[in-house]
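# Summary of the model geometry
These are the residues of each chain, in order.
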Amino acid sequence: MRNKGISALACAGLMAGVAVLGGAVPATAQAGAAARAGDATTDIRGQLEKIPGMTVASVADKEGFPLYTLTYAQPVDHRKPKGATFTQRATLWHKDTGKPTVLYTGGYTLAGGTTALTKLIDANQVSVEHRYFAESRPSGAAGDDWSKMTVQQEAADEHRLTRALRTIERGKWLGTGASKGGMTATYHERFYPDDLDAVVAFVAPNDANNRDDSGYERFFRTVGTKECRAALNAVQREMLVRRDALLPKFEADAKTNGDTFEETLGTTDRAYEFAVLDQVWNFWQSGTAADCPTVPDAKKAGDDELYDWSKKHGFSVYQDETLGTNGTGPYYRQAATQLGWADLKFKHLKDVRHYPDIYQPNSVLPAAMRGTYENKTIADVDRWVKTKGKRMMFIYGENDPWSAEKFTPSHRDSHRYVVPGANHGASIAKLPAAEQAEAIATIKRWADVK
């Protein structure tokens, strides 16, 4: 289970969701907005405040257009709409009610920035925080009831928010997000296909059958060159062979950084092994083949060289401070119960591992957040996307391990592109010219933009 929810994914969200197509808002549009900003702000704010459960927390200027920070009252359980509620955070960057609107789902906390899609079609943008992350979490006992942290409940959150804001923003609506955000946008589309006019999902994993990890195993047998794969595997193995020498370095770093493991992985030895198991995955998730020459000779490298290189290339630490209810714990809860995970075999490490069953999301969760996996939901989404999905686009990276198990779009005006050599930051801008032009033309058609 990779450290998906911390630095690497934040980087992927920035690259794939925020600034991949380029193209700023035209200066003429900004000037026009500035001229009418006062009237537009007053009018739109008034409409927002008339929506039941909607509060405008603040308004700021962003490139000449008003950016509204919102909270929206959502049912904790959409099956009981009159029951307990929580407030979900969102923002609306409003330009014009007739323009398209991009619904940006980061999949975690409230994402900032302007998506590439928003820039491409000069759209309004709604950003939404995923339930149970950061401030969008029920209070009291309801906040500790993780049974309501599901794909279906979040899709219902976004459905209500979209329907409320479509009374104001009347142009086409396109959903987007990267990685877990791309997954979330896809799930929204599956359960509420009439909400959005199209979805563009970047590097969205699709673990349709959690018992079958052959796609991931195949990826690590074929990615990059044979020499690079062998060198990475050798370093990973040597990190465990030299456990007695390297674990004290890990423990010293943990003490310096204030890292603890008692609530999640339990011991420094378990935390060390988990970090080593993640190394090769993280190397390809965030790096490229151009980094292969930096891999040290595992047999010849000294302890310091081996450990220091690993820390810079994929050795990610899972500690209590970032894995609980206020960190990335909600993601791992979802992985443990619905999203699934890659249970890699690590055949080259079999005789040097201490904890053969550790590589799964429940291992990095506090006891109260652990759950039991059910495969029906994601298998259903997979079938629906293949057969019934309309106007859906998926962008993947050739050398991204998260792209090893992809969504397969239907033939109903839907598309999939794989960016050559790209990692988890795959973008439309990195596609070959002909495919890039095709993808952009499709998006503009969906958005009804000339």
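Just above, that's the structure.
Each value, and the rule that gives it
- Residues numbered from 1 in each chain as written.
- Predicted model: local features only at pLDDT ≥ 70, side-chain atom pairs only at ≥ 80, totals over all residues.
- Heavy atoms only, no water.
- Pairing = 2+ DSSP bridges.
- Helix = DSSP H or I, 4+ residues; strand = E, 2+ residues; numbered from the N terminus.
- Axes fitted to C-alpha atoms, helices over the stretch in contact; angles between N-to-C directions.
- Contact = heavy atoms within 4.5 Å.
- Parallel < 35°, antiparallel > 145°, perpendicular 65-115°, else oblique.
- Nonpolar A, V, L, I, M, F, W, Y, C, P; charged D, E, K, R; others polar.
- Disulfide = S-S within 2.5 Å.
- Phe/Tyr/Trp six-rings, centres within 6.5 Å; stacked < 30°, edge-to-face > 60°.
- Buried < 20%, exposed > 50% of the residue type's maximum accessible area, 1.4 Å probe, protein only.
- Lys NZ or Arg CZ within 6 Å of the ring centre and 35° of its normal.
- Patch = residues over 30% accessible without salt bridge, like charges linked within 9 Å, V, L, I, M, F, W, Y side chains within 5 Å.
- Areas by Shrake-Rupley, 256 points an atom, 1.4 Å probe, with all protein chains shown as cover.
- Salt bridge = Lys/Arg side-chain N within 4 Å of Asp/Glu carboxyl O.
- Lys, Arg positive; Asp, Glu negative; His and termini not counted.
- Charge placed at Lys NZ, Arg CZ, Asp CG, Glu CD.
- Polar contact = N/O pair within 3.5 Å; in protein donor to acceptor, adjacent residues only side chain to side chain.
- Expected span 1.5 Å × (residues − 1).
- Core = buried A, V, L, I, M, F, W, Y, C linked by side-chain atoms within 4.5 Å.

## As for the sheet that holds strand 4 (residues 101–105)
Pairing between sheet strands relies on hydrogen bonds along the backbone, with the strands arranged either parallel or antiparallel. Across the sheet, which stays open at both edges, the nine strands sit in the order 1-2-3-5-4-6-7-8-9 with mixed pairing between neighbours. A strand with exactly one partner marks an edge of an open sheet, and here the two such strands are strand 1 (54–62) and strand 9 (415–419). Direction aside, neighbouring strands of the sheet carry axes that sit 20° apart on average. Across the face of the sheet, helix 16 (residues 433–447) comes into contact with strand 6 (173–178), strand 7 (198–202), strand 8 (392–397) and strand 9 while running at roughly 145° to strand 9.

## Regarding the packing of helix 7 (residues 214–222) against helix 11 (residues 279–286)
Where helix 7 meets helix 11, the closest approach of the two axes is 12 Å, and the angle between their N-to-C directions is 75°. Classified by the interaxial angle, the pair formed by helix 7 and helix 11 is roughly perpendicular. Of the residues in helix 11, those in contact with Y216, F219 and F220 of helix 7 are V280, W281 and W284. Considered class by class, the residues forming the contact of helix 7 with helix 11 number six nonpolar, no polar and no charged.

## So, the state of the cysteines
Per the stated rule, a full pass over the model turns up one disulfide. Here C228 pairs with C292 through a disulfide, and the sulfurs are 2.0 Å apart. Since a negative S-S torsion denotes a left-handed disulfide, the C228-C292 link at about -80° is left-handed. Of this pair, C228 sits in helix 8 (residues 226–241) while C292 sits in the loop between helix 11 and helix 12 (303–312), placing them 64 residues apart in sequence.

## A few points about the packing of aromatic side chains
A full pass over the atoms with the stated rule returns 23 aromatic pairs. Here F250 and F261 contribute two aromatic rings whose centre-to-centre distance is 5.7 Å and whose plane-to-plane angle is 25°, an arrangement assigned as stacked. With F250 in helix 9 (residues 243–257) and F261 in the loop between helix 9 and helix 10 (268–277), this pair connects stretches of sequence that are eleven residues apart. Take F250: its relative accessible area is 2%, and that puts it in the buried class. Across the ring face of W93, the terminal group of K62 is positioned such that the distance to the ring centre comes to 5.0 Å. Positioned over the ring face of Y108 is K180, at 5.2 Å from the centre of the ring.

## Quick look at a positive patch on the surface
A cluster of like positive charges, contributed by K172, K388, K390, R391 and R412, occupies part of the molecular surface. Along the chain, K390 falls in the loop between helix 15 (376–387) and strand 8.

## Considering the pattern of salt bridges
Under the counting rule described, the total for this entry stands at 23 salt bridges. A salt bridge links D380 to R190, with the nearest nitrogen and oxygen atoms 2.5 Å apart. Here D380, found in helix 15, pairs with R190, found in helix 6 (residues 180–191); they are 190 residues apart in sequence, far enough to count as distant. The class of D380 is partly exposed, set by a relative accessible area of 23%. A salt bridge links E238 to R242, with the shortest nitrogen-to-oxygen separation between them at 3.0 Å. Looking at E238, the relative accessible area reads 9%, which means it is buried. Salt bridges sharing partners connect three or more residues here, namely E238, R242, K299 and D303.

## Things to note about the pairing of strand 4
Within a regular beta strand, the side chains point alternately toward one face of the sheet and then the other, so they alternate between its two faces. For strand 4, the buried fraction is high: five of the five residues fall into the buried class. Covered by surrounding structure in strand 4 are T101, L103 and T105 together with V102 and Y104, the residues of both alternating faces. The pairing of strand 4 with strand 5 (residues 124–128) spans five bridges and is parallel. Across the sheet, residue T105 finds its bridge partner in strand 5, namely V128.

## Regarding the side chain of S136
Note on placement: S136 falls in the loop between strand 5 and helix 4 (140–143). What makes S136 buried here is its relative accessible area of 0%. In terms of polar contacts, S136 uses its side chain to reach the backbone amide nitrogen of R89, at 2.9 Å. Residues contacting S136, with those up to four places away along its chain left out, are F86, T87, Q88, R89, E129, H130 and R131.

## So, helix 8
Between the first and last C-alpha of helix 8 there are 22 Å, a value that for 16 residues agrees with the 22 Å anticipated at 1.5 Å per step. The set of residues buried in helix 8 consists of C228, R229, L232, V235, Q236, E238, M239 and L240.

## Focus: the environment of V223
For V223, the location among the structural elements is in the loop between helix 7 and helix 8. In this structure V223 comes out as buried when scored by relative accessible area, which is 5%. Distance in space between the C-alpha atoms of V223 and W173 is 37 Å, their sequence separation being 50 residues. Apart from the residues within four sequence positions on either side, V223 is in contact with R229, W284 and N399.

## Brief notes about the nonpolar core
Ranked by size, the top nonpolar core spans 92 residues in total, and within it L48, M239, Y272 and W284 carry the most contacts. The greatest single-element share of this core, amounting to six residues, is contributed by helix 10. Not counting chain neighbours up to four residues away, the residues in contact with L48 comprise M54, V56, Y68, L70, L92, L165 and I168. Grouped together as the second largest cluster of nonpolar side chains are 24 residues, A123, A178, F202 and I428 included.

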